[in-house]
Amino acid sequence: MRRIVTVLLFLSVLTVPLIAEEQSVGTKFAVAIEDGDLDAVRALIERGAAVDTPISYGEHSITPLLKASWDGELEIVQYLIGKGANVNARATDTQETALMNAITNGHIGIVKALLAAKADVSLRNSYDFNPFTSAVAAGNQEIAGMLLDAGAKPDDGSSGLTPMAFAVSTGDTSMMRFLVSRGADVNHGAKEQEQTALISAILAAKVEAVKTLIELKANVNTKMKDGTTPLKLARKGDQTEIVALLEAAGAKP
């Protein structure tokens, strides 16, 4: 009998944390959002739950708004914003915001809702990406345009590269033209490296990108910090087609 009682006590100790976890408000928010259950989210708020209740996944802790923005739950996002959710709250580890989450997953309606609620377009995550650079890197002109309309800077890059350089890296010539049409300086170099988009295109051996940049009036005689010119860089890489394009555009060694 004593052994049975001991076993029962041991099992009860093990189940206490599980019950507590089941009953945490953050977990209830997470389940409701994953189910797309606006009524359940509303019920939690109406019973007094904080609209920015932390939802914890170990070191990764987010708010309901961040999760709903990631999951693409527009109605829940709108409801949480209406209840005063912090639109600029960040994930504890990655420093992502709801706006960044929505952009990453291409949730255009949620991006619109967050921008209407004055989400900050200048914030950066722990990888130094801002919302605009993320949209450009993803090739999403619609979201990129919305961010520019909300105050994003067309030359405000990340990790030492301009948005134009990110478009070059993916070979997205349509995005390159879009950026220039919206005010990007085709000859702008990020401060850390002073590397223009043309230099980036040559380093990446992107022939079409080089051709497009020349059409967009990129300076073919720009120089890197060590004095290296685009033509010298292309010759060093044995990029004969790019060399021909640069020479035809008036590039000098």
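Everything numeric here is computed off the predicted structure, so don't read it as measured data.

A separate point is the nonpolar core. With 71 residues, the main nonpolar core has L80, L99, L114, L147, L179, L213 and L246 as its most contacted residues. Sequence-distant contacts of L114, that is, excluding residues within four places in its chain, are made with L65, S69, V77, I81, V87, A98, L99, A102 and A119.

Contact geometry for helix α4 (residues 64-71) and helix α5 (residues 74-82): axes closest at 8 Å, N-to-C directions at 155 degrees. Put simply, α4 runs roughly antiparallel to α5. α4 and α5 meet at a crossing whose hand is left-handed. For the pair α4 and α5, contact is made by P64, L65, A68 and S69 and by I76, V77, L80 and I81, respectively.

Here we come to the environment of N130. Mapped onto the elements of the fold, N130 is located in the loop between α7 (108-116) and α8 (131-137). Remark: the alpha-carbon pair of N130 and L99, spanning 31 residues in sequence, is separated by 9.8 Å. The contacts of N130, once residues within four sequence positions are left out, are V121, L123, R124, D156, G157 and S158. Of note is the side chain of N130, whose polar atom sits 2.7 Å from the backbone nitrogen of T133.

Turning our attention to the side chain of Q195. Relative to the elements of secondary structure, Q195 occurs in the loop between α11 (173-181) and α12 (197-203). A distance of 2.7 Å separates the side chain of Q195 from the side chain of S200, its partner in a polar contact.

Our focus in this paragraph is the packing of aromatic side chains. Summed over all chains, the structure comprises 1 aromatic pair. Ring geometry for F129 against F166: centres 5.3 Å apart, planes inclined by 65 degrees, an arrangement best described as edge-to-face. Here F166 lies in helix α10 (residues 163-169) and F129 lies in the loop between α7 and α8, a separation of 37 residues in the sequence. With relative accessibility at 11%, the residue F166 sits in the buried group.

Further remarks concern the packing of α11 against helix α13 (residues 207-215). Helices that pack against each other are described as a pair by the angle of their axes relative to one another and the distance between those axes. Contact geometry of α11 with α13 gives a least axis separation of 10 Å together with a crossing angle of 20 degrees. With respect to each other, α11 and α13 are oriented roughly parallel. α11 and α13 meet at a crossing whose hand is right-handed. In this structure, α11 contributes T173, M176 and R177 to the contact, and α13 contributes E208, A209, T212, L213 and E215.

How each quantity is defined
- Residues numbered from 1 in each chain as written.
- Predicted model: local features only at pLDDT ≥ 70, side-chain atom pairs only at ≥ 80, totals over all residues.
- Heavy atoms only, no water.
- Core = buried A, V, L, I, M, F, W, Y, C linked by side-chain atoms within 4.5 Å.
- Buried < 20%, exposed > 50% of the residue type's maximum accessible area, 1.4 Å probe, protein only.
- Contact = heavy atoms within 4.5 Å.
- Axes fitted to C-alpha atoms, helices over the stretch in contact; angles between N-to-C directions.
- Helix = DSSP H or I, 4+ residues; strand = E, 2+ residues; numbered from the N terminus.
- Parallel < 35°, antiparallel > 145°, perpendicular 65-115°, else oblique.
- Left-handed = near helix turned anticlockwise from the far one by under 90°.
- Polar contact = N/O pair within 3.5 Å; in protein donor to acceptor, adjacent residues only side chain to side chain.
- Phe/Tyr/Trp six-rings, centres within 6.5 Å; stacked < 30°, edge-to-face > 60°.

By themselves, these observations are geometric and do not establish any function.
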